[in-house]
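Structure at a glance
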Amino acid sequence: MSLMTTTERINPNTTQIDQLPTLEALRVINAEDRKVAEAVEKVLPAIASAVDGIAERLQRGGRLFYIGTGTSGRLGVLDAAECPPTFGVSPDLVQGVIAGGYDACYKAVEASEDDREAGAKDLQARGFTANDCLVGIAASGRTPYTIGAVEYARRIGALTVCIVCNENSELAAAAEIPIEPIVGPEVIAGSTRLKSGTAQKLALNMLSTMTMVRLGYVTGNRMTNLKTSNIKLRQRATGLVMAECGLDKTAATAALEAANWDLRVAIVIVKTAASREAAETALQKSNFIIARAISLLTT
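An account of the accompanying structure is given in this report. Bear in mind that the values here come from a model prediction, so they are computed numbers and not experimental data.

**Some remarks on the side chain of Gln 200**
Within the element layout of this structure, Gln 200 appears in helix 7 (residues 195–215). Residue classification places Gln 200 among the buried residues on the basis of a relative accessible area of 1%. Sequence-distant contacts of Gln 200, defined by excluding residues within four places in its chain, comprise Ser 72, Leu 75, Ile 137, Ala 138, Ala 139, Ile 163 and Cys 165.

See below:
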């Protein structure tokens, strides 16, 4: 039996990539990348199960953790970091854990992935409990650090999910909900930052986005809970108030200024005619879900 995983095998479509003109080589890479979306499509039912399970846990006060090493860990940290500014949630709600700590986000600390006990210890240091959810990310599916973490999380009763790009992996066997987009051999043999990394990013996008939609932090397809932390985002917030509340730019800007540039507060004020203090109180009581806050003030 070959010790090579699918992602480490030689791709017959790219064996001459070092001899091709640049444009032709890029076409080969692009053709391989097109296979990624098809692989992810095949695992949509598993992603849907994970979203529903994660959303249910978070509604009961749990948290979502991503854990991984190398590229996989960096992708988890990235997705977690995007949730607070995009959906207005606490940084504690979605957390990325990477072997070797955050230093590993910008420099390789690959040896740390071989420690099977370290993943569980890193979760314990974050106060991980049975109420939480863990998504283990590993293209190979055989990373000891990530497998150990998922085994620990499942043992204590947490919801466990994994994203892996090889068949019949130990990580998939350890997780309650395995997500397995099989993308085939990489363009450069074994370089899982390529197709595997893209598949992982697509799956993570879906997990976090649809979880936040299920929790109520999106209105229609609008980011109505985004944080207005810079000029660009204030401009975006103005457009969102205009679209959501049917206001012109001047009125939308005035509403945001009255709300101290908190988009959530501005929308609640416009839709209920409440004071800023009342809008803020309703949002706090409703866990900053705009629709619930409006309902509290109008029923």
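**What about the state of the cysteines?**
Within this structure, the stated rule accounts for zero disulfides. Here Cys 162 stays unpaired: no disulfide links it, and the sulfur of Cys 165, its closest cysteine neighbor, is 9.9 Å away.

**A look at the pairing of strand 1 (residues 64–68)**
By the criterion of burial, strand 1 is predominantly enclosed, with five of the five residues buried. With helix 3 (residues 70–87) bridging strand 1 and the parallel strand 2 (residues 94–98), this β-α-β connection has right-handed handedness. With five bridges joining them, strand 1 and strand 3 (residues 133–137) adopt parallel strand pairing. Across the sheet, residue Tyr 66 finds its bridge partner in strand 3, namely Val 135.

**Here's the deal with the pairing of strand 3**
Extensive coverage of strand 3 is indicated by the burial of five of its five residues. One ladder, built from five bridges, connects strand 3 with strand 4 (residues 159–163); its direction is parallel. For Ile 137, the partnering residue across the bridge sits in strand 4 and is Ile 163. Viewed along the sheet, the connection from strand 3 through helix 5 (residues 144–155) into strand 4 turns out right-handed.

**So, the packing of aromatic side chains**
Taken as a whole and assessed by the stated rule, the structure comprises one aromatic pair. With 5.2 Å between their ring centres and 75 degrees between their planes, Phe 65 and Phe 128 make a pair best called edge-to-face. Remark: Phe 128 occurs in the loop between helix 4 (118–125) and strand 3 and Phe 65 occurs in strand 1; sequence separation between them is 63 residues. When its relative accessible area of 6% is taken as the criterion, Phe 128 is described as buried.

**Focus on unusual backbone geometry**
Even without being glycine, Trp 261 reaches a positive phi, approximately 60 degrees. With respect to the helices and strands, the residue Trp 261 is situated in the loop between helix 9 (249–258) and helix 10 (263–272). Positive phi outside glycine occurs at Asn 287, with the angle close to 60 degrees. The topology assignment puts Asn 287 in the loop between helix 11 (276–285) and helix 12 (290–298).

**As for the sheet that holds strand 4**
Read across the open sheet, the five strands follow the order 2-1-3-4-5; overall the sheet is parallel. Looking at which strands have only one partner, the edges of the open sheet turn out to be strand 2 and strand 5 (177–179). For this sheet, the mean angle separating the axes of adjacent strands, direction not counted, is 20 degrees. Across five bridges, the pairing between strand 1 and strand 2 is parallel. By the bridge assignment for strand 2, Gly 68 is matched with Ile 98. The strands touched by helix 5 are strand 1, strand 2, strand 3 and strand 4; relative to strand 3, the strand with the most contacts, the crossing angle is about 160 degrees.

Rules behind the numbers
Residues numbered from 1 in each chain as written. Predicted model: local features only at pLDDT ≥ 70, side-chain atom pairs only at ≥ 80, totals over all residues. Heavy atoms only, no water. Helix = DSSP H or I, 4+ residues; strand = E, 2+ residues; numbered from the N terminus. Buried < 20%, exposed > 50% of the residue type's maximum accessible area, 1.4 Å probe, protein only. Contact = heavy atoms within 4.5 Å. Disulfide = S-S within 2.5 Å. Right-handed = clockwise from strand over helix to strand, strands pointing away. Pairing = 2+ DSSP bridges. Phe/Tyr/Trp six-rings, centres within 6.5 Å; stacked < 30°, edge-to-face > 60°. Axes fitted to C-alpha atoms, helices over the stretch in contact; angles between N-to-C directions.

Remember that the coordinates give geometry; whether it matters functionally is a separate question.
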